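Structural description and commentary
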Amino acid sequence: MSMLLNELRPVAIVFVGLHDLDDIDPRDSSLLQLMNEAFKILSRITHSCNGAVRDMLFDDKGCVFISVFGAHSHEVNPCFDATVSAMRMENALKGLKLNRFSLGVSFGECFCGEVGPEVRSDYVVMGPEVNMAARLMSKAPNRGTLVSKRIFSRSNDFIHFEKSEKIQVKGKDGFFHAYIPRTRIDHQNVEIAATQQPFVLMPSRQAAMNSLVNVKDQAASGEPAIAFVSGGPFLGKSRLIDEVAAEAASDGFTVLKSFRTSLDSFTSFFPLRQIVAAAMIKVASTLRGEDFDSEVEAADYLVQENVFKKTDRVNIGSIVPQVADAQLLSLLSGMNPNARTKSIVDSMMKILKLLNPLIIILEGDGDIDPSSWSLLAEIMQRAKEECPTIMIIVSSRNSPTITSAASNLRRNAVQVKLTPFEKNETEQYLRFLLRIEDTEVGIDQRLIDVVHDRANGCPLFIESVARWAHEKNLIEFVEGSKKMTLKMLDERSDDVTDAIPRELSNILLAPFNHLSPPLWDALKIASCIGYSFDSDLYRALNQELELIPKIEELSEKYGCFEHTGTHFRWKQQAVYEAVKSLLMVNQRQIIHRMIVDAFRANDIDPNDLVLKGGDVHRLLGRHCALAEDWAAAFEQYIKAGDRAKAAFNFNEASKMYEEAIDYQAKMTEPLTLRSRMIPTINLGACFRELARYREAEAVLTRCLNEAETNSAAIALDDELYVRALTAMAALHQARSNYDDARQLYEKAVPIARNIHESGSSLWLAGNIAGYAETL
């Protein structure tokens, strides 16, 4: 079990109210059986849509089934998954002959994790959006579904919605519209949509563009061609394909597009459903000279015009079910698969050849089902004779998994793979986004590094990060250097995680969905340690957490880290920040407290590790501060400052003393005057050595004023008073104000002579020497 299970996550929630079961009688076996059937079906649908069952319970709302999406894994679009799940649940419950039920779906950031004592804890998903889903369920029409506006805005590219009447729910002011999901969008617009940014062809994309243009030219010459385009999410596959398609359309090609998701991988012929529906509408519209609104009307017209026979309509119904009668479709179920494939392609060719030259684009993030691969293989085999000017483009995140029956497609396909931008390409794209046309104007390297590291080399991420920085007024033009630069960004602030929107964070973290809980803990702990670290410095965490072996496993098996010897660094800063964004504030404190406790329990000697990465006191001070243990942070930064001062590293020492003074102000327990004054005196001395005289004078003057104000306490600590006087005297001496220095020494030396503590002779001699030097 994970120690750091609790997270704030963007989650979609589905509430299903089974109102027929609200007043169930435990003695009624038929209702109990119905409830079990409903639970099994709803659970199966939830799991098939990448979700998890949260609960099935009886409460004030009656019998309620609850499922969540995005709570246990990082999904690309949990809103779409939840909406498809709700639509399938609605149909399934109607099939069970339930008369009264309703569904509500909402999306937002929720607490996901364990609550309760260790002996009886429970995993929960809590937040305002959970309540919103429940209230939408209560307002939904009988045997219907209502979804929130957030669900609608993230799913309306793939699902038809209808706006509901205005409703009002508890906890939300005023009236608002909800949305009713109706059907999946089966056919995409065949027009190439205008994009927000013009297409910019980068050097790493030139070879891919050339390959696709060559494939298009091959098809135009009468040689059917197929290309597989693969690459991670948001690398620009669609933009590249759209550019080629737009060029082909201007050359007279017909363009048909479809889109599939991971939920469609097990639906036979789904990728071709949108293609065939759009093809029927286009052919029928061309023949009649008027546009058709639906594929059913188009199929009727094609039969009427003898383009299709009635058997063709049944064959096409295997792909687009709504155009054929369900009873007739059932007759095809017993056919030999090869014969059925040939029969369907016979019918498809009757419309595809009328659209030549033709480009078919199958886009998506899910696999293609085996039946569709068989159809594509048959189409390409027969295309030379029946439809020679055809080009098929299949895009996916990974190289497509092709069935053995369609292995000829892989042999004949042109493979195009997109990779993330290199840093020089990020710079080029930034110049374009920032509209820098003057060749004499450059971009500061720090700005390039911040954008490239956080964007992970993805064009859409680069746009998002650049927009984020611009909206926060972090980008400015420096006239002197003629560069666009980034204002100081506080890496300790949580604001840096805003550079990666949560939806994009899900993309980055999706490859780690199958990590075991202990490895997830190691990732989260590493995100608190920092972007880079030396494993020897954190070997204290091995005894309880076995951290470093897990970090090594994450590096070797999952590519999370790069390392040289014992020095580890996150491979991608965007992943580092995405992991860090999962942690709640109290979890960060818990992790830093664990680190501090491990160092203390193992009695780590700072001298052993001083050469491995700097002062361990400074390292521990940082973790104590982030754990909000202000007293321990104050103590560690004082020790770090003393070590740096002894090594004559006054710049580092001044920073450590400043940190100590800052944490002093946050401590709830009152400090002794000595504890308050020593870091201030030392800070003034460091400023003097750095020739920062004005700052030194301000610090030491404040210190002396406090000492003289608290003279009663000072009488008990003469040595402290002497240190303050001699520090100010040394400052005056450094600034050649010898009279002022002499007066302070004459005040300090008699007090020093009166101190008879053992071991103070050397200290007294030092003060007398300073006085003598002034004279």
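Right, let's walk through the structure included here. (Residues numbered from 1 in each chain as written. Predicted model: local features only at pLDDT ≥ 70, side-chain atom pairs only at ≥ 80, totals over all residues. Heavy atoms only, no water.)

Sheet faces and side chains relate simply in a regular strand, where the side chains alternate between the two faces. Extensive coverage of strand S3 (residues 62-69) is indicated by the burial of 8 of its 8 residues. In the sheet, strand S1 (residues 7-18) pairs with S3 via 6 bridges, with the strands oriented antiparallel. Looking at the pairing, Ala12 lines up with Phe69 of S3. In this sheet, S3 lies alongside strand S2 (residues 51-59) in antiparallel orientation, the contact comprising 8 bridges. If you follow Ala52 over to S3, its bridge partner there is Val68. (Buried < 20%, exposed > 50% of the residue type's maximum accessible area, 1.4 Å probe, protein only. Helix = DSSP H or I, 4+ residues; strand = E, 2+ residues; numbered from the N terminus. Pairing = 2+ DSSP bridges.)

Our next topic: the sheet that holds strand S10 (residues 254-260). On the basis of which strands lie adjacent, the open sheet formed by 5 strands has the order S10-S11-S12-S9-S13 and parallel pairing. Every other strand in the sheet has two partners, leaving S10 and strand S13 (414-417) as the edge strands with one partner each. Neighbour-to-neighbour, the strand axes of the sheet open up by a mean angle of 15°, direction not taken into account. Across 5 bridges, the pairing between strand S11 (residues 358-364) and strand S12 (residues 390-396) is parallel. What sits directly across from Ile360, in S12, is Ile392. (Axes fitted to C-alpha atoms, helices over the stretch in contact; angles between N-to-C directions.)

Residue position: Ser85 is located in helix H2 (residues 78-95). Assessed through its relative accessible area of 0%, Ser85 is described here as buried. Setting aside residues up to four positions removed in sequence, Ser85 forms contacts with Ile45, Thr46, Cys49 and Phe69. (Contact = heavy atoms within 4.5 Å.)

Turning next to the side chain of Ser67. Structurally, Ser67 is set in strand S3. Contact partners of Ser67, with chain neighbours within four places excluded, come to Ala12, Ile13, Val14, Thr46, Ala52, Val53, Arg54 and Met89.

Right, let's talk about unusual backbone geometry for a bit. The omega torsion of the bond from Asn356 to Pro357 falls at -5°, within 30 degrees of zero and hence cis. Locating Pro357 in the fold gives a position in the loop between helix H11 (337-352) and S11. Of note, Arg435 is a non-glycine position whose phi angle comes to about 55°, a positive value. Considering the arrangement of structural elements, one finds Arg435 in the loop between helix H14 (423-433) and strand S14 (442-443). Residue Ala691 is not a glycine yet carries a positive backbone phi of 65°. Summarising the element assignment, Ala691 is placed in the loop between helix H27 (673-689) and helix H28 (693-709).

Taken as a whole and judged by the stated rule, the model has 18 aromatic pairs. When the centroid spacing of 6.0 Å and the interplanar angle of 15° are considered together, the rings of Tyr429 and Phe432 count as stacked. A residue pair is termed a helical-turn pair when its members lie 3 or 4 positions apart in one helix, as Tyr429 and Phe432 do in helix H14 at 3 residues. With a relative accessible area of 5%, Tyr429 lands in the buried category. Arranged with centres 6.2 Å apart and planes meeting at 80°, the rings of Phe533 and Phe561 form a pair that is edge-to-face. Within this pair, whereas Phe533 is found in strand S17 (residues 532-534), its partner Phe561 is found in strand S18 (residues 561-564), the two being separated by 28 residues in sequence. The pair Phe533 / Phe561 is uniform in exposure class, with both members buried. (Phe/Tyr/Trp six-rings, centres within 6.5 Å; stacked < 30°, edge-to-face > 60°.)

The terminal C-alpha atoms of helix H26 (residues 650-666), which comprises 17 residues, lie 25 Å apart, in line with the 24 Å expected from a rise of 1.5 Å per residue. The set of residues buried in H26 consists of Phe650, Glu652, Ala653, Ser654, Met656, Tyr657, Ala660, Tyr663 and Gln664. Buried residues along H26 sit in contact with helix H24 (616-626), helix H25 (630-646) and H27. (Expected span 1.5 Å × (residues − 1).)

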